[in-house]
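Topology and contacts: notes
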Amino acid sequence: MTSTILDQLRQMEAKLATLETKLKASEEKIEDQKTKEKPKVAFSVAADEGGNYGPFDADKTMRYNKKITNIGDAYNMSTGVFEAPVDGVYYFIFFFRAEGKHPSGLILCKNDNPVIMSDDGQASYDPADTGGNATVLELKKGDEVHMRLPKGNHVWASERHTTFSGFLVSQN
Amino acid sequence: MTSTILDQLRQMEAKLATLETKLKASEEKIEDQKTKEKPKVAFSVAADEGGNYGPFDADKTMRYNKKITNIGDAYNMSTGVFEAPVDGVYYFIFFFRAEGKHPSGLILCKNDNPVIMSDDGQASYDPADTGGNATVLELKKGDEVHMRLPKGNHVWASERHTTFSGFLVSQN
Amino acid sequence: MTSTILDQLRQMEAKLATLETKLKASEEKIEDQKTKEKPKVAFSVAADEGGNYGPFDADKTMRYNKKITNIGDAYNMSTGVFEAPVDGVYYFIFFFRAEGKHPSGLILCKNDNPVIMSDDGQASYDPADTGGNATVLELKKGDEVHMRLPKGNHVWASERHTTFSGFLVSQN
């Protein structure tokens, strides 16, 4: 009788050990999924200089000084540079309004290299006009994105016409 | 012999109880992650009035009457108002086409306050033109977003040129 | 004494079996959440033909030949067609630059049917201008999205002004 009981005990010990191992694996998977939740990175900023901004004698990094949203503080309001906080796929979009007295345009740069741009020729009749563009970029942590105002160009910086927005689409 | 068996039984009971507690914790974490899955909120609508819409004597809420997509029904087709179904970060974008006979422009409003805008001056020569803008907004459940057509302005509302789209980027 | 031990053993066997069943259910839920992680689908392409592209005698599918990003390879660089790899909600945006010598415009098509468009009338004075539009579409796996250049229209295809981008917002 006792030997049968001991057999049963041994079998149950083995089952318990197996369950323990499986549960540990389960717990690790749960933690793994938790850490994979993408961080919150999203910004939307506007340039407000009270009217026309530019033209200048040299290229200039746009500093959008009105914060609409800046979750994760990846956009630096004082330098105008967005720095990727994690490896991932990011979406960026910009719009500007411009009058026709001078050429107008903006260039989106990744680590100082132009990626996409939008411009608007000089026009003698001087109406208001909208430019803009959007892109999806795969960035490494620390990669920088900013908007460049090329020398000789201007934009209208008032009433939140001229904006720059972006967010993390998926983490790598 | 029997006392050894009883000892083993007690140890196994204790192990079982521990496993039971850990499993319950695991199950709760899994449920927790499930409820954190962001709800599906995404819309894209177009204004179709058969041609020019406006100008009017007063500001008007745009009612985009052609549904392209409205997952979650957060955009109310009859009032023109988007209502945030959950706290979170939302992305919005609008475009419009306009002819030059009258000023044209649209303002994106959060709870009736202007956030971003786009306009196009009146032009004597009357060509077609595109305006638009985009933003990322952190909204509380129940916050409202709509597009305002300012008095005296018009847009071209036909053939799905003039659109308003948005989606939930991440839930808070 | 032995009968008490046997009773305890039977109770523990039952508890173990219950735990085993619950753990299996847990593991399945974890796997289920894993497979629900949305696949990575995001692209951004630009048209570069060295200058003006078009007008042509017939409608043409735009082939954006400069790859900025194409995660998941859902955008076919040689045909110009995006094919949805999974059922889900997708976001698309396009911009173009055009000069005024000819009409300019682009139409976003889902399975060859126009969804949204943007155009710019011919203008004698010939300035540069920006057009664009964006939409959110619910697509079935295999649905196709492409940009159509209507016959008689042209766009400026150089320096990454004229772009087409999109990504998966949420999987169905």
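Keep in mind that what you see is a predicted model, and the values were worked out from it rather than measured.

1. Quick look at the overall build of chain A
Counting its regular elements, chain A contains one helix and 12 strands. In sequence order, chain A lays out its α and β elements as α-β-β-β-β-β-β-β-β-β-β-β-β. Its C-alpha atoms give chain A a radius of gyration of 27 Å, more than 25% over the compact-globule value 16 Å for 172 residues. The principal-axis extent of the C-alpha atoms belonging to chain A is close to 105 × 25 × 25 Å. Looking at chain A as a whole, 53% of its 172 residues qualify as buried. Once local pairs closer than 6 in sequence are excluded, the contacts in chain A between residues at least 24 apart make up 73%. Within the structure as shown, chain A displays about 7,200 Å² of accessible surface, and the carbon and sulfur contribution to it stands at 45%. Here chain A carries 21 positive and 25 negative side-chain charges, and the mean point of each set is 5 Å from the other.

2. Description of the domain arrangement of chain A
Under the domain assignment, chain A is made up of domain 1 (1-37) and domain 2 (42-171). Computed over C-alpha atoms only, the centres of domain 1 of chain A and domain 2 of chain A are separated by 56 Å.

3. Looking at the interface of chain A and chain B
Taken together, the contact between chain A and chain B spans 40 residues of the former and 43 residues of the latter. Between chain A and chain B, the buried area comes to about 3,600 Å², and carbon and sulfur atoms account for 63% of it. Between the two partners, chain A and chain B, sit three salt bridges. Residue Lys 29 of chain B pairs with Glu 31 of chain A through a salt bridge whose shortest N-O separation is 3.1 Å. Remark: the boundary between chain A and chain B carries 14 residue pairs in polar contact (both at pLDDT 80 or more). For the side of chain A that touches chain B, the secondary structure elements donating two or more residues are α1 (2-36), β1 (42-46), β4 (66-71), β6 (88-98), β9 (129-139) and β12 (163-171) of chain A. A total of 15 residues in the side of chain A that touches chain B trace back to one element, the largest contributor, which is α1 of chain A. For the side of chain A that touches chain B, the residue count by class is 19 nonpolar, nine polar and 12 charged.

4. Some remarks on helix α1 (residues 2-36) of chain C
Look at α1 of chain C: 51 Å from first C-alpha to last across 35 residues, which is about the 51 Å you get at 1.5 Å a residue. Burial in α1 of chain C covers these residues: Ile 5, Leu 9, Met 12, Leu 16, Leu 19, Leu 23, Ser 26, Ile 30 and Gln 33 of chain C. For α1 of chain C, the elements touching its buried residues are α1 of chain A together with α1 (2-36) of chain B.

So, how was this worked out
Residues numbered from 1 in each chain as written. Chains lettered and ligands numbered in written order. Predicted model: local features only at pLDDT ≥ 70, side-chain atom pairs only at ≥ 80, totals over all residues. Heavy atoms only, no water. Helix = DSSP H or I, 4+ residues; strand = E, 2+ residues; numbered from the N terminus. Rg over C-alpha atoms; globule rule 2.2 N^0.38 Å. Buried < 20%, exposed > 50% of the residue type's maximum accessible area, 1.4 Å probe, protein only. Contact = heavy atoms within 4.5 Å. Areas by Shrake-Rupley, 256 points an atom, 1.4 Å probe, with all protein chains shown as cover. Lys, Arg positive; Asp, Glu negative; His and termini not counted. Charge placed at Lys NZ, Arg CZ, Asp CG, Glu CD. Domains from an automatic or database assignment. Buried area = accessible area lost by both parts, 1.4 Å probe. Salt bridge = Lys/Arg side-chain N within 4 Å of Asp/Glu carboxyl O. Polar contact = N/O pair within 3.5 Å; in protein donor to acceptor, adjacent residues only side chain to side chain. Nonpolar A, V, L, I, M, F, W, Y, C, P; charged D, E, K, R; others polar. Expected span 1.5 Å × (residues − 1).

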